[in-house]
Amino acid sequence: MSASDTGDQRILLIDGHAMAFRAFFALPADGFSDGRGQATNAVYGFARMLINVVSSERPTHVAVAFDLPGGTFRDRIYDQYKGGRDVTPPEFIGQIDLIMQVLDALGVRWLTVEDYEADDIIATLATRTAAEGGEALIVSSDRDAIQLVDEKVTMLQPIKGVTEMRRMTPAAVEEKYGIPPERYSDLAALVGEAADNLPGVPGVGPKTAAKWIVKYTDLPGIIAHADEIPGKAGQSLRDHLEDVERNRLMNAAVLDLDLPTDPGHYTLGGGDRGRTAAVFDELAFGDTIRRDLPAVLFGEDADAPAEQEPVAEVLELDGAAGLHDLLGEGAGPLALTVADDVRGGPMLGIATGEARAAIRLEQLDSDASAVLAAALGGPREVRTADVPAVRSWMQVNGYPLGRQARDLALEAFVLRPGARSYDAEALGTELGGARFEPRPRKPADSTLAKETPEVRSGHVAVAAARLAEAASALHPAAEELARRQGEEPWASGILEDLERPLQEVLETMHGRGIAIDRAALAALREEFEGFVAQAKREAGAIVGEEVNLASPKQLQVVLFETLALPTTRKISSGHSTDAESLTDLQEKLEPGSSGHDFLSWLLRFREMSKLTGYVVGLDKVHDSSSRVHTTFQQTAAATGRLASTEPNLQNIPVRTAEGQRIRDVFVAGQGYETLLTADYSQIEMRIMAHLSEDAGLIEAFRTGEDLHNFVASRVFGVSPDAVDPAMRSKTKAVSYGLAYGLSAFGLSRQLRISRAEATDLRDGYFERFGGVRDYLRSSVETARSTGFTETILGRRRYLPDLTSDNRQRRENAERVALNSPIQGSAADIIKLAMLAVERRMRGQELDSRMLLQVHDELVVEVAPGELETVREIVVEGMDRAYELSVPLEVGVGIGGTWREAAH
DNA sequence: GCCGTAACGTA
DNA sequence: CGTACGTTACGGCG
């Protein structure tokens, strides 16, 4: 379509401010955030609306009109125009700018005109398009737009939320208001518009107004015959003619703004997928909305999408000859990606610097298989994202991957921890200049069953191409990483001396797993399930109706409606039913009352369901030798901590007696004598002492006295033996709170004391431990000026939000800046300890072995006769891992189960 | 089937 | 309005 061919034009005109506001109230502000404190509900809802309308209405052009702050010509006519509106909610602020960024990325034009409203922009463009023979679709919740409707101009009015729209055609307007659209402004002038603070004729509503318009044609007709109109309404009209005339003046759309006239200016299709992805990343938008982005926004033909066409150069290989051609005799690096395709089975993406291919392992003949095995087991550097995952996948599929593998995810993580993903596609996109479509949804089984072989092989080819592309993109990513490491030399020490060697240790630990006692597990499961059933029964008997206690939504009905209990703190979906709220609530109730009893059983249900969940989960993940193999993720936590997944063995209960029984299920395995656990005592406070160089805190650790007791005696100015438990626990809360950036408010809430008391407590603490205060203050300021925090080993975490204009984001970043050096340094230290322990145990050829790490604790399986040696290696490895200005203290426990090995 | 939320376990 | 995580169940949405 040419620019002058306006007859085919179908322009979508959106009232940006009105729709953003609508989205803001349709979606919970605290349910959508970018993860850094910026609300994004209006942005999300707006984007959702835009996507839906573009997909369903298929416009060729789009423009979004925004109001500017600071008023318009209408305010000069009537100084109370739009007066009396509530102040803009704070969470809405900033979201308009974000919407504009989204629109820019999507290639959608947005417009503002000084002194005019969005409505005027829309009116100008709609009438111009219609006059040129095109069509216009107006999306607005502002009724003023109704006056623009005609055969060529349709209005979409949101009914519910931002996705359900009513189609206002001339017939629909006529039906709803009893007058044609061009008379709507007359009607509105009579009735008034509360939202704009334009009072109409008292006692005259839309029905009366429409009746008059029908009778006297239009507003001038009504005014001319005002004297003839009988009754109260007629008198009221005569009394308020000035208001009516003012309203008509105010609600008349301006049709002649000076706006770009070339239709090409508004053409759809100038979107940039990369930029959109980046903006969506910033906003923490998920995959669903990305998948739904209409191709037309990016100038792609939706009927024959490019993503359905495999890239021509990608080969699907099944024979040795093809593989030889690909791999050649070269010695350059190879890049690998792996996938278990729902249709194609195990697939391998493989790329040299020049060529790439996808291999379906099940189709390889034996010659080809040998060629592949030789290449991967040979001396060539192999680049992957997540070496342990790729190696384990290869192992399962019968190909060993040598130790020459380079993990680009780990490298990228060290340089910039905290990224959402470090998978091959993410690295290829961020570092290798590649671009991928949103991942297609996983098809339902029923869909798969219905596929013809042709369709199926088409899908497989697309997936194969994508896998090969991802592998290929790892090469430029690897080069970019090398360049960045050159620019940031601090990273190489962390990578070479810590993370890379640790990766091998973690792979070994994964392979070992930890033994569980299946009989004990089964018994525990039965017992816990019995408790769950009992709690369910008892709670159900009290309310006398079917209720799913695991559904917070149903619970809210039971608690606050059926039982009519006082409401708890507000959350986005109503009122909280978390344990803290329920306990508080229970304290307000009479013991023995039905509400009180119900809450007891509910809390019991929660506790036991949680524990049952652990037990059931463990039963699902152990291998045939009853061992559980957690995966330690090395790139998951931005502070440098490890994370444990499938299953998470870093959150096994320990605080309650019943919870601890789960730890009795973890045992020393066949051929081993006992478990040994070793943990650092107060490592974070020791790091605080080290980093702050606070003389008092350092002394506390050197005296060997109980830390919190010592600190409390200073804070409260009493002798150490005069410290009571309340003083100790308050002091302890302050100590740890400080490392998390806790506010006086948070402290008061946690300790259930007044704000003033919390402030006094903190001030008292800082008075005696001034070095801590100075350190905390300066560490945030240093991070603000350098842009990053640093651990004792020089591991960095970049925090751009420290200079954000958004207070919530900035303060959040400040808390992160307080905590990261402390948590991160503790992570550094235990990682060093793990390297030392593993090295020495292997060096001495012991059979004992390290199995788990739980942030400040190591769990070791001890072979017969090795206990004392192992104890010494572990304790030394841990306390000599790094020399702080205070000693590192390590506690050790021995036992047949994890619980017994606690100390 | 995916995804976000609520809740809750750990350090 | 305290940091860092992972897992579960529910329920809205498509």
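Residues numbered from 1 in each chain as written. Chains lettered and ligands numbered in written order. Predicted model: local features only at pLDDT ≥ 70, side-chain atom pairs only at ≥ 80, totals over all residues. Heavy atoms only, no water.

Next up on the list: unusual backbone geometry. Look at the link from Glu646 to Pro647: it is a cis peptide, with omega at -5°. One can find Pro647 in the loop between strand E20 (643–645) and helix H26 (657–663). Positive phi values are uncommon outside glycine, yet Ala564 reaches one of about 55°. Checked against the element boundaries, Ala564 lands in the loop between helix H23 (552–562) and strand E16 (570–571). (Helix = DSSP H or I, 4+ residues; strand = E, 2+ residues; numbered from the N terminus.)

Now for the protein's contact with DNA strand C. Taken together, 30 residues are adjacent to DNA strand C, and Asn548, Ser551, Lys553, Glu646 and Gln823 come closest. What you see for DNA strand C is that sugar and phosphate hold 73% of its atoms within 4 Å of the protein. Separating a phosphate oxygen of DNA strand C from a side-chain N or O atom of Gln554 is a distance of 3.3 Å. Among the residues forming the surface near DNA strand C, the class breakdown is ten nonpolar, 15 polar and five charged. (Near = heavy atom within 4 Å. Polar contact = N/O pair within 3.5 Å; in protein donor to acceptor, adjacent residues only side chain to side chain. Nonpolar A, V, L, I, M, F, W, Y, C, P; charged D, E, K, R; others polar.)

Let us look at the UniProt feature "domain: DNA-directed DNA polymerase family A palm" (unreviewed entry) in chain A. Mapped onto the present numbering, the UniProt feature "domain: DNA-directed DNA polymerase family A palm" (unreviewed entry) falls at residues 659–866. Helix makes up 60% of residues 659–866 and strand 12%, whereas the separation of the span's terminal C-alpha atoms amounts to 30 Å. (UniProt positions renumbered as here; feature names shortened; annotations may be inferred.)

Its place among the elements puts Ser804 in the loop between strand E24 (796–798) and helix H34 (807–843). Separated by 2.9 Å, the side chain of Ser804 and the backbone nitrogen of Asn806 make a polar contact. Look past the residues within four positions of Ser804 in its chain and what remains in contact with it is Arg809 and Arg810. (Contact = heavy atoms within 4.5 Å.)

Next up on the list: the sheet that holds strand E22 (residues 674–680). In space, the four strands of this open sheet follow the order E25-E26-E22-E27, with antiparallel pairing throughout. Because the sheet does not close on itself, it has two edges, and the strands there are strand E25 (849–853) and strand E27 (890–895). Adjacent strand axes in the sheet meet at a mean angle of 25° when their direction is disregarded. Judged from the four bridges that link them, E25 and strand E26 (residues 857–862) form a sheet pairing that is antiparallel. Among the inter-strand pairings, Leu852 is bridged to a residue of E26, identified as Val859. Where helix H35 (residues 867–879) meets the sheet, it contacts E22, E26 and E27, and its direction lies at approximately 20° from that of E22. (Pairing = 2+ DSSP bridges. Axes fitted to C-alpha atoms, helices over the stretch in contact; angles between N-to-C directions.)

Let us look at helix H8 (residues 206–216). Buried within H8 are the following residues: Thr208, Ala209, Ala210, Trp212, Ile213 and Tyr216. Looking one or two residues beyond H8, the residue adopting positive phi is Thr217, at roughly 75°. (Buried < 20%, exposed > 50% of the residue type's maximum accessible area, 1.4 Å probe, protein only.)

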